[in-house]
Structure formats: C-alpha cells, structure tokens
Amino acid sequence: MTTRILLASTLYGAATLAAALDSERFAPADRTVLLVANNAATPETTPSLDTMPGFGRLRDRFDDVLSWNEAISPFHPGGWSPRADDIPLWERYLRLLWNLGDDDVELAVESIQVNPAGAVAKIFTGAPVDVYADGLMSYGPTRNKIDPLVGTRVRRLLHLDLVPGLRPLLLTEFGVEPEIVPTEAFVKVLAELGDTADALPALPDEPALLLGQYLSALDILSAEEEEDLHVRMMRGAVELGHRSLVFKPHPTAPARWSRTLEKEAERLGAELTVLDTPVLAEVLYQRIRPALVVGCFSTALLTASALYGIPVARVGTGTLLDRLTPYQNSNRVPVTIVDALLPDLADRAGVASQEQGTSVAELTELLRTVGFAMQAKIYPALRPEAEGYLARRLDDHTWRYFKRRRLTSLGLPGAVPAQLAFLPRNAAVRRVVRRARSFKRAALR
C-alpha cells in the first residue's frame, strides 16, 4: 500500500495540487491525503483553507483531509520541528493517528526549506518528496541550506508556468528538475472555484481590482506606508480613467485601511467596493473580469496577465527593492520579477501597451545573478555568470536590483572601483576588517 500525503497551507496551493492530480502529474496511489496547515500568526482566529469558499469543489480529489495543526497542537506549524532524537517517535505517532500502518509514504510539500514542510519531510525519513511551487519564489534560490538527507530525496519541482520560458532556480543545487503543471488544468480547477462565487456580494463588472498584501506584517513597510501604498493604487487607477474600483484586502489586514480608502474614493469621485469575503483573486478574474489589476508584487498579478490576459500594473516595487532586508530576503525574487516585467501604474503608455519590460532571456540572467548574490554559498557555480552579468549590464536601471554592500562582501563587479577590486577577496584585508568590527563591538558594550 502507498499513501501519498499532500501538504497545503493555502487554497491556491490546494488548487495547484488538484491541477497536478487532474493532469496525472502524480502516479496512482492507494490513498491520497490532503494535509492542511494553517500558518497564520494566530491560527485559532484565522480560517484554514478547508473551510474557505470553494474548497468543497476540490474535496473529492482526496481520500482524506487531515489537520497538521491538530496533530502537533499546541505547537505552531511555522515554528515547530521535531528534535532529531524524537523523529522515530513522531513517525510512529503520526502513522497511528492517520491510520497509515506500514504503508509506503510519498510526500508532496511546498516551501521545503521552512516549516511545516521541512518538519513533515524530516519525520517521514526516507519517503520520496515532490516539491510544488504555488508562487513566484520558485524562480529564485533556495532560501536556506537544506539538510542533504532531505534535499537528496526531492525528485522534482512542480510549478505553474507563470512566466513562460523562465526556468526555476529553486533546489537546482540538488539537481532537481522542474516540471510544469499544465496551465489548462490549473485554469480548469480555478473555473470550478469560480462556480462557487455565489457567496460573494454584488460587485461591479470590469472594475479596476486593487490587491492588498499586508506587507507591514512582514516588517517590510510600516502600517502607514502600506496604507499610503493602497491610496496610491487607487489614485493611479482613477488617473487612468477607472471610476469603478474593487479593493481586495489581505484577510488579516486592519479594517481601518478600508475606511481610509473609502474616504479617498469619495474625495476622488470614484465608486469603491471593499471585498471582505476570503476568496482567491483568480475567482474574481472570472466573476467580474477586471479591466485592470493593480498590486505590489502579488503572484496574482502574474496569473492575471499570463493565465487570463488581463491588463496589470505594479506599485511600490522600487521602494520594496530598497527596503528588503537582509539582501537574502526571499521576497526579493518576486519583487524583482514583477518590477522587471510589469508596467508601473504611473506609466500610462506602458499600462496601455502591456509590453514586457524585459525579455525572458534577460530576466533569466538577472535572476541567476540576484540568486547568486542572495545565496552565494548554496550556488557557488553561478559566480562566473554573476560576474559576467554585472560587468556587462550594471547600469542606472539594474542597480535597483543590487546592493553595493552585498556586492562588496562577495567580491563582485560594481562593488568598488576597478583598481580596488582585489580588496574584498584579500584575506589580509578581511582579517583587518573583522578585527576592527570586533573592537567596535567591544567599545559599544
């Protein structure tokens, strides 16, 4: 007997798995289990994906739906991982709890570099692992060094073709090959979810759809700055001639942000509808067919453009590229992709034409260089490519994707004047710098 456990924390991820099952990207198994993880900061007050509108349409693809939160309670899924000595006990416990018996277990998880995916993969020692990507981060580097006992078990990376022609970098350090989940299968699954949109309030047809992301919760922006970002979305859409607007806030965002937008809409003479119902943006694409989708760096911008042919525009990516810390922040890759490909909301001609800001070939070079700068120790083989790109392409525009301090620490072109380029790699210089830093820290104590 073989039991396949599919781990998901979002409805979008569950839809991706459903599309992979429908398109036979998984071999037949005797039992297919959907393991639901609620990674919200306070999962007790946040609905899990299996309670969201539309999940019922996905339910029949799975023999059982189980809760990871219940299995490890009172621990939080995002912060808990088993101690090495306890792994055999946890596997025995879960096999008993989930009626796995002596079944062979296969796993399909998201974001294996962090918990809960990392914890599940560790507990089922020896189980083969498929990783699936439900967003843009798969085009970037693995954010943390993965235990080889886990990484070498990964067979493939399933991903949506959100940027046709762009190849994911994630997990390539283990030789993992990417495999595309067919777009038509994913769109078909989303159409099923769209059939459940009766629970939505009355919405205008063909409005400008504004997507909120709650970036202040990630400490990327302050609450006031994010509130201002939403106002900029609205003003930009109105300046382009849109008078009918729908704002889709993040489910956990403060209600006062919606009130601020309502006041601004009244001042601008626009009609604003705030959608409080938790629903995928892709369901709205089918239900109201927006005339324009505006966001910061949400994956939904790419699904609107690539899967539905809806015009899109970005706001605030320049600020985020500057603010993201440390440089290795995994959000850097989605922000870079959106900034490089999609038109700025203030660029009226760009929004009208919807031409890509850069070619896929150029974007590939850029992302491999950014990926090396983010995780040089994980991808040392990318150094020659990164040096070549920076030597040829670093200019006033591409500087936005890099930090001089990061380039200096890695000894890459552009960090310091050419005549001083030997300094970052000089062992004696590095020792002097380390001693100076240690003296500085001692003096501050």
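As the structure is a computational prediction, the values presented were derived from the model and not from experiment. Residue indices begin from 1 for each chain and proceed along its sequence in written order. Since the coordinates come from a predicted model, pLDDT governs what is reported: local features require at least 70, and pairs of side-chain atoms require 80 or more to be given and counted, while whole-chain, interface and lining totals use all residues. The side-chain values count all of the structure's non-hydrogen atoms but skip hydrogen atoms and water molecules.

> Just checking my understanding: could you explain helix 15 (residues 383–393) for this structure?
Because an α-helix completes one turn every 3.6 residues, residues spaced three or four positions apart along the sequence face the same direction. Only protein chains enter the accessibility calculation, which uses a 1.4 Å probe; a residue is then buried when its area is under 20% of its type maximum, exposed when over 50%, and partly exposed in between. Going along the chain from the N terminus, every DSSP run of H or I of four or more residues is numbered as a helix, and every run of E of two or more is numbered as a strand. Looking only at helix 15, the buried set comprises Ala386, Tyr389 and Leu390. The buried residues of helix 15 occupy one face: seen down the axis, they fall within an arc of 95 degrees. Those residues of helix 15 that are exposed and angled more than 90 degrees off the buried face are Pro384, Ala391 and Arg392. Where helix 15 is buried, its residues contact helix 14 (360–374) and helix 16 (404–410). It is the directions from the helix axis to the C-beta atoms that the arc portrays. Note on contacts: a residue pair qualifies if any of its non-hydrogen atoms lie within 4.5 Å across the two residues.

> Would you take a moment to explain the sheet that holds strand 4 (residues 104–109) for this structure?
Across a sheet, paired strands are connected by hydrogen bonds in the backbone, their directions being either parallel or antiparallel. Read from one edge to the other, the open sheet built from seven strands follows the order 3-2-1-4-5-6-7, with strand pairing classed as parallel. Every interior strand has two partners, whereas the edge strands, strand 3 (64–67) and strand 7 (177–181), have only one. Within this sheet the neighbouring strands show an average axis-to-axis angle of 25 degrees, counted without direction. The criterion for strand pairing is that DSSP finds at least two bridges linking the strands in question. As defined by bridge partners, strand 5 (residues 129–133) adjoins strand 6 (residues 154–160) across five bridges and the pair is classed as parallel. Between the N-to-C directions of two axes lies an angle of 0 to 180 degrees, each axis being a line fitted to C-alpha atoms and, for a helix, fitted only over the stretch in contact.

> I'm lost on the sheet that holds strand 8 (residues 208–211) in this one. Help?
If you walk across this open sheet you meet the five strands as 10-9-8-11-12, and the pairing is parallel. Every interior strand has two partners, whereas the edge strands, strand 10 (271–274) and strand 12 (312–314), have only one. On average, each strand axis in the sheet is inclined to that of its neighbour by 20 degrees, with strand direction left out of account. Seen against the sheet, helix 7 (residues 223–239) touches strand 8, strand 9 (244–248), strand 10 and strand 11 (292–295) and runs at an angle of roughly 165 degrees to strand 8. Sheet strands touched by helix 9 (residues 281–288): strand 8, strand 9 and strand 11. Its angle to strand 8, the strand with the most contacts, is close to 175 degrees.

> Looking at this structure, I do not really get helix 7. What am I missing?
The span one expects for a helix is its residue count, reduced by one, times 1.5 Å. Given a rise of 1.5 Å per residue, 17 residues ought to cover 24 Å, and the 24 Å separating the end C-alpha atoms of helix 7 matches this to within 8%. Gly241 occupies a position one or two residues after helix 7 and carries a positive phi of about 100 degrees.

> Please explain the packing of helix 1 (residues 11–22) against helix 6 (residues 183–194) as it appears in this structure.
Working note: a packed helix pair is described by the angle between its axes plus the distance between those axes. The N-to-C vectors of helix 1 and helix 6 enclose an angle of 125 degrees; their axes lie 8 Å apart at closest approach. Considering their axes alone, helix 1 and helix 6 lie oblique with respect to each other. Crossing angle aside, the handedness with which helix 1 passes helix 6 is right-handed. For the pair helix 1 and helix 6, contact is made by Tyr12, Ala15, Thr16, Ala18, Ala19 and Asp22 and by Ala185, Phe186, Val189, Leu190 and Leu193, respectively. Angle categories: roughly parallel below 35 degrees, roughly antiparallel above 145, roughly perpendicular from 65 to 115, and oblique for all the rest. Crossing handedness is defined as follows: a turn of the near helix away from the far one that is anticlockwise and smaller than a right angle gives a left-handed crossing, while the clockwise case is right-handed.

> How do you make sense of the pairing of strand 4 when you look at a structure like this?
Remember that side chains alternate between the two faces of the sheet whenever the strand is regular. Among the six residues in strand 4, five count as buried, and that is most of the element. Judged from the five bridges that link them, strand 1 (residues 2–8) and strand 4 form a sheet pairing that is parallel. Paired with Thr2 across the two strands is Asp104, which belongs to strand 4. Pairing between strand 4 and strand 5: three bridges, direction parallel.

> Hey, could you run me through unusual backbone geometry in this one?
A negative phi angle is the norm for most residues apart from glycine, just as the trans form is the norm for most peptide bonds. A cis amide bond links Ser73 with the next residue in sequence, Pro74, at an omega value of 10 degrees. Along the polypeptide, Pro74 turns up in the loop between helix 2 (68–72) and helix 3 (87–97). Asn115 connects to Pro116 through a cis peptide bond whose omega is 10 degrees. With respect to the helices and strands, the residue Pro116 is situated in the loop between strand 4 and helix 4 (117–123). For Glu24, which is not glycine, the phi torsion reads 55 degrees and is therefore positive. Looking at the secondary structure, you find Glu24 in the loop between helix 1 and strand 2 (31–36).

> Explain the environment of Leu107 to me, please; I cannot follow it from the model alone.
With respect to the helices and strands, the residue Leu107 is situated in strand 4. We classify Leu107 as buried; its relative accessible area is 1%. C-alpha of Leu107 to C-alpha of Ser258: the two residues are 151 residues apart in sequence and 40 Å apart in space. If sequence neighbours within four positions are ignored, Leu107 has contacts with Ile5, Val120, Ala121, Phe124, Ala127, Pro128, Val129, Asp130 and Arg153.

> How do you make sense of the pattern of salt bridges when you look at a structure like this?
Pairing between side chains becomes possible if they bear opposite charge and their charged atoms approach one another. Here a salt bridge means any side-chain nitrogen of Lys or Arg lying within 4 Å of a carboxyl oxygen belonging to Asp or Glu. Counted under the stated rule, the structure contains 24 salt bridges. In this structure, Glu192 engages Arg61 in a salt bridge whose closest nitrogen and oxygen atoms are separated by 2.8 Å. Here Arg61 lies in the loop between strand 2 and strand 3 and Glu192 lies in helix 6, a separation of 131 residues in the sequence. Arg314 is paired through a salt bridge with Asp344; the nearest N and O atoms lie 3.4 Å apart. Note that Arg314 is positioned in strand 12 and Asp344 in the loop between helix 12 (332–341) and helix 13 (348–353), a separation of 30 residues in sequence.

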